[in-house]
Amino acid sequence: MRDLVVHYDTPLGAVKATDAVSFSLGAGERLGIAGESGSGKTTMALAILRLIRPPGRIAAGEIWLQDVDLMSLSPEAMRQVRLARIALIPQGSMNSLNPVTRIKEQILDALRDHDVRISRRQGQERVRELLESVGLRPEVADMFPHELSGGMKQRACIAIAISLRPRVIIADEPTSALDVVVQKQVMETLAKVQQDLGAAVILIGHDMGLMAQFVDRLGVMYAGKLVEISPVRDIFIGPLHPYTRMLIASLPSFEAKGTFHGIPGLLPLLRDLPPGCAFHPRCPHAFDRCQRDEPRPREIQPGSWASCHLL
Amino acid sequence: MRVDYLARRCGVFVLIVWIAATLNFFLPRLSGQDPVRTKLLQQAQLGGYVHSGIDAMVKDYDRRFGLDRPLWQQYLSYLRDAARLDFNYSIANYPRKVNELIAEAVPWTIGLLGTTTLLSFGLGTFLGALLAWPGAPRWMRYLMPPLWALHAIPFFLLGLVLIYLLAFQIQLLPMFGGYSAGAFPGLNVTFVWDVIRHAILPAMSIVLVATGGWALAMRGMMVTTQGEDYVTFAEAKGLRSLTIFVRYCLRNAILPQTTALALALGNILSGAVLVEVIFGYPGIGTVLFHAIRENDHFLIQGIVFTVIVALGLATLILDAIYPLLDPRINYRRT
Amino acid sequence: MAHAAWRYVRRNLSLVVGIVLLGLLALFVGIGHLVVDTGKSRPLSAPAIRPPSADHPFGTDRQGRDLLATMVAGTPLTLRIGFIAGFLGVGIGSILGFVSAYYRGAVDSVIRGIVDIGLTVPGLLVLIIIAVSLRKGLTVDQMALIVASLAWLNPARTVRAQVLSMRERGYVEVARLSGMSGPEIIVKELMPNLLPYLAATLVNAVSAAILASIGLEVLGLGPIDSPTLGMTLYWVNFNAALINGWWWWWLAPIVIILVVFLGLFFLTVGLDEIANPRLRRAI
Amino acid sequence: MTPLLEARGVTKIFGGGLFERASVLALENFSLPIEAERPLITAVVGESGSGKTTLARLLLGLTAPTGGHVLYQGRDLRSMSRADWRAFRRDVQVIFQDPYEVYNPFYRVDHVLTTPVAKFHLAPSRAGERALIEDVLRAVGLRPEETLGRFPHQLSGGQRQRVMVARALLLKPRLILADEPVSMVDASLRATILGSLRSINAERGISIVYITHDLATAYQISDRIIVLYRGAVAEAGDVELVVKQPRHPYTQLLLSSIPRASAERTWLTDRIGASAGRPDGESAGCRFAARCPSAMSRCREVRPPLFQTDRHRVVACYLHADAPAQPIEAP
């Protein structure tokens, strides 16, 4: 992804949901994108699949999948890419499955629309195989979404996502509504299927603990900008950007009891962002340059990028 | 689970039938004196060749519903009659039985009402769905304002306008009645064609108005479903827009539309009664109109009871169909 | 609140169209009463069957009524029936809806049962039975009461549904924990959010009541001697004005009824837009 | 000393009426005394369906228990007079979970603050009211001029939740019941709100019952903790003991399932976790038996009592049957 800019047209003027976001993803790599609400992380994920609907629109930027710029594809060509090469696992809290059709139908209709010619029997077999690979009993194929628990619904979505052996899986807060025990089982399933497929995973979320334990590299977004992106171990050992540092410090931990380091100030409103670096009103190290010009992302250490005037 | 859902629906139906009979019995007695009896006596004094029959009827009426009899006994005998669908003789067209008159009129109303309701529901739902589909042709958008305006007018009003334009001015279609005066009813092509020509205007006045309503409702529902999460995920699955439109949006938007149909049956029928009166169409509506004009209580009560029961049945059928469309119904209690 | 309301009206076209239509009607009736002698709406007060002319702008009918006078006198009567029945219906309906939704229990299931069944039964037929039984000379107000007897069903259902959804909201519990009593919560917490819905339900009820009253009158069950719009249509049908080509006889009532229904319809759409605006989310 | 608020052998069953389907046992024989003298922060931790929100509504008197008693200063809520209820409302206040649901869209946010002041006559004059409100707003880290006069949709989730905390402070309660107060708030603001709850307890001596699914925040803020599993207490006691040396298999499973925000990678194991499956129906024995790795036959027959394994910890598990069992409260 190079310099992606997504605008939302509102009665109060165009709002930049993501602003010049760039990053690269290796084959089979697990990249985490962490950020709080309004940071633009979900918008960025939907932009990759070109699913931004009005009033939103992709204003600028390129998204390369190996040697193809997705922005240049025709709508029909882009449709072919979805699921076959880039698949989405939706948010856990949403009702992402069609409430009135059985699970097997929702797997087979994806295969059919990607011109996969298989007989009915082969279809049933493929469905059973997919459900088993995500730890679901074969009977689930004939059940309706309302008959499944939260965890089972997410596993069904994972089964759908991997049905065409995609190269990239985007998981947008896949376990946000699940209990912590079920979350672990779902994430273990995701890890296993990713290894079997050798696919790359982009995990979008706000749970820093989940990021620490699952991803290889972590990007942190704030007010539509990618403020830092580094290997996950380095981020937790020595975070570069002040926001990342304060975010990690605010997390409840089992070591330091009774200490509370919140980040003062308010979350920024995308429609009237402060000049210069968007974080400067809340940043304890802010100095005059931070209020004037916007910091550019620079490679501070090999593989670690951050955009902050301090560095 | 489905059985007790249906059992409850049948219970509601039986309740509706009981209420129809009770309304018929108690409402006339609201004003203290018994209007049915006064009408009978008036008819008896008229005399004429049917005199003797009317006298017998008055005696029989007094025997069963005489004011000396306790009210609940009268009520019980009325319920027994209603259960046997026996509504006595029609006072105005004695010696013809009320059931005969109703039986003659019912096919016409079912023909008119059945076809127009299904036509307007089907057309309206399809049109509404299409209007919400981004892939729909551009000119469809200009269809919205006229549908809006038509939807606000009562059926019979449009009926009057249509009669004036298409029947009176251009004489394209017959203006009145169910079939030409001289035609001899029979299952031959000419008679059937004659009936159809007579039914076109009444049918049009219902369909043009009702279709707008269904289209508006469906379009609203389609717009809501298009915003649902399972549609976003369907797009992310790379499904063809037609698959998404039919199997994800339409399939879910049709549910509230069916419920709305069940609720709207009562109003549709009330509107149709007036259309029949305006067109002199030989259905239940016109028979009711004449019965009212001649104060023929037995005929009025017979028609009201039959129509309420028929509507209760139609609602029951729709309720039975609904779980087939929505699998969640038999899972959780309604 | 006033500023927000004005911004909505400017952006809310249907509300404006509705108000304009009903305004025109009010103007017509208002000026009519000044200019026209409504006495002429009685039979034999003008030569029969005259097409529109200088001294009878709307023409005359077979019984010798001047149609302009009839329209000017009749329209307010029909609207009166609609408003009385509408207000009574919404009044009774919302109280029942409130009580059953807020206090739940046996009361709720009884009211819900009556409303659900009441709405499946075609209202017009029940009204016919009532009207036929009270056959002796009906007045306009009696007509309104008859229509009102069923007009409360729909408002009860919509208000109950609204209150049920609001009652579960967190702010009702916060209000209770802040020391507010049941009735206070209804007035202070639920009522303000309900007003836009109530307004839309009221306009709907008035529209339905007018339709029902015209329906009864066309069937001949209306107040025989009063010049309401429905009775005019009854005489149109009674004298087969259509077949005889007396077009002016039915054109006037139809145009007015059209304006009434269209006006009320756009008003409802406009009020619905205010009740649940889709644009109220801040980014 | 009679506790300020006490749940004694409380049971709550939903449904089970004439027409309803199977009844749902939300809470079973739950006891919790809350003293006012030693203002503690008690955390109640459990997954969805553990009965923790039902417990909150029972303690607030918003729903009546099917069995057992909820006592305010020794008096059962159901037999309290209007005056008792007013005192109860002043002494026990609440912070709800969803900051978007608790504000009436028709009013400005000031409405949730001015109503309790008016209803409980907390301030003699308008100026007094203004001062009181500004004081509690500052106590939760909000600037009054940035908050008052605004409509709810003009404030962020975090700001709204802090206004709710301020509202609870207005009445100077002796107990605040917080039902998942930070689960819908962003991480950076979560710590600020938890911090203000902690300081309220320490500086103003207000006991707090903190209900959550997040064991980490529970550990960080509370003094004692109760772990609920499907309506029954699995383990309870001093938070250091329960979290650092968990005894009940369920508590151990909870702790091992939480991904730690640290550089070490201990969370992901390669085997597929036991498929959660849908827990089978109401078993007479321990409700965790179906998922418990060390379940014994005894576990499936009889509900385990609370065994007192340490001075400040009880565990409902037969693995510790050697410890003395607490008598089951007579409902």
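Residues numbered from 1 in each chain as written. Chains lettered and ligands numbered in written order. Predicted model: local features only at pLDDT ≥ 70, side-chain atom pairs only at ≥ 80, totals over all residues. Heavy atoms only, no water.

Student: Explain the sheet that holds strand β12 (residues 298-301) of chain A to me, and be specific about the residues and the numbers.
Tutor: As a general point, the strands of a sheet are linked pairwise by backbone hydrogen bonds and lie either parallel or antiparallel. Residue and element names in this part refer to chain A. Strand order in the open sheet made by the 8 strands is β7-β8-β9-β3-β10-β11-β13-β12, with mixed pairing throughout. Every interior strand has two partners, whereas the edge strands, β7 (86-89) and β12, have only one. In this sheet, neighbouring strand axes are inclined to one another by 25° on average, regardless of whether the strands run parallel or antiparallel. Bridging between strand β3 (residues 30-35) and strand β10 (residues 217-222) involves 5 bridges; their strand directions are parallel. (Pairing = 2+ DSSP bridges. Helix = DSSP H or I, 4+ residues; strand = E, 2+ residues; numbered from the N terminus. Axes fitted to C-alpha atoms, helices over the stretch in contact; angles between N-to-C directions.)

Student: Talk me through the sheet that holds strand β4 (residues 56-62) of chain A; I want residue IDs and the actual numbers.
Tutor: Residues and elements named next belong to chain A. With respect to topology, 3 strands assemble into an open sheet ordered β2-β1-β4, the strand pairing being antiparallel. Single-partner strands in this sheet number two, and they are β2 (13-21) and β4. Averaged over neighbouring strand pairs, the angle between their axes works out to 15° when direction is ignored. Both strand β1 (residues 2-10) and β4 contribute to a ladder of 5 bridges, which runs antiparallel. Bridge pairing in β4 links Arg2 to Glu62. Against the sheet, helix α1 (residues 41-48) touches β1, β2 and β4, its axis set at about 110° to β1. (Contact = heavy atoms within 4.5 Å.)

Student: Just give me the short version of the packing of aromatic side chains, but keep the residues and values in it.
Tutor: Considering all chains together, one arrives at 25 aromatic pairs over all chains under this definition. Taking the centre distance of 5.6 Å and the plane angle of 65° together, the rings of C:Phe265 and C:Phe266 count as edge-to-face. Three or more aromatic residues link up through ring pairs in this structure, and these residues are A:Tyr222, A:Tyr243 and A:Phe279. The cationic tip of A:Arg30 hangs over the ring face of A:Phe214; the distance from NZ or CZ to the ring centre is 4.5 Å. (Phe/Tyr/Trp six-rings, centres within 6.5 Å; stacked < 30°, edge-to-face > 60°. Lys NZ or Arg CZ within 6 Å of the ring centre and 35° of its normal.)

Student: Which residues make up the interface of chain A and chain D, and what are the values?
Tutor: How big an interface is tends to be expressed through the accessible area that disappears when the partners come together. Opposite the 53 residues of chain A that make contact, chain D presents 50 residues. Across the interface of chain A and chain D, roughly 4,300 Å² is buried in total on both sides, 60% from carbon and sulfur atoms. Interface area lost by chain A to chain D is led by A:Gln213, A:Phe254 and A:Phe260, which between them contribute 22%. Taken together, the connections running from chain A to chain D amount to 1 salt bridge. Remark: the boundary between chain A and chain D carries 15 residue pairs in polar contact (both at pLDDT 80 or more). Of all elements in the fold, only α6 (180-197), α7 (208-214) and α8 (232-237) of chain A reach the threshold of two or more residues within the side of chain A that touches chain D. Per-element tally for the side of chain A that touches chain D: the top contributor is α6(A), with 10 residues. A class-by-class count of the residues in the side of chain A that touches chain D yields 24 nonpolar, 16 polar and 13 charged. (Buried area = accessible area lost by both parts, 1.4 Å probe. Salt bridge = Lys/Arg side-chain N within 4 Å of Asp/Glu carboxyl O. Polar contact = N/O pair within 3.5 Å; in protein donor to acceptor, adjacent residues only side chain to side chain. Nonpolar A, V, L, I, M, F, W, Y, C, P; charged D, E, K, R; others polar.)

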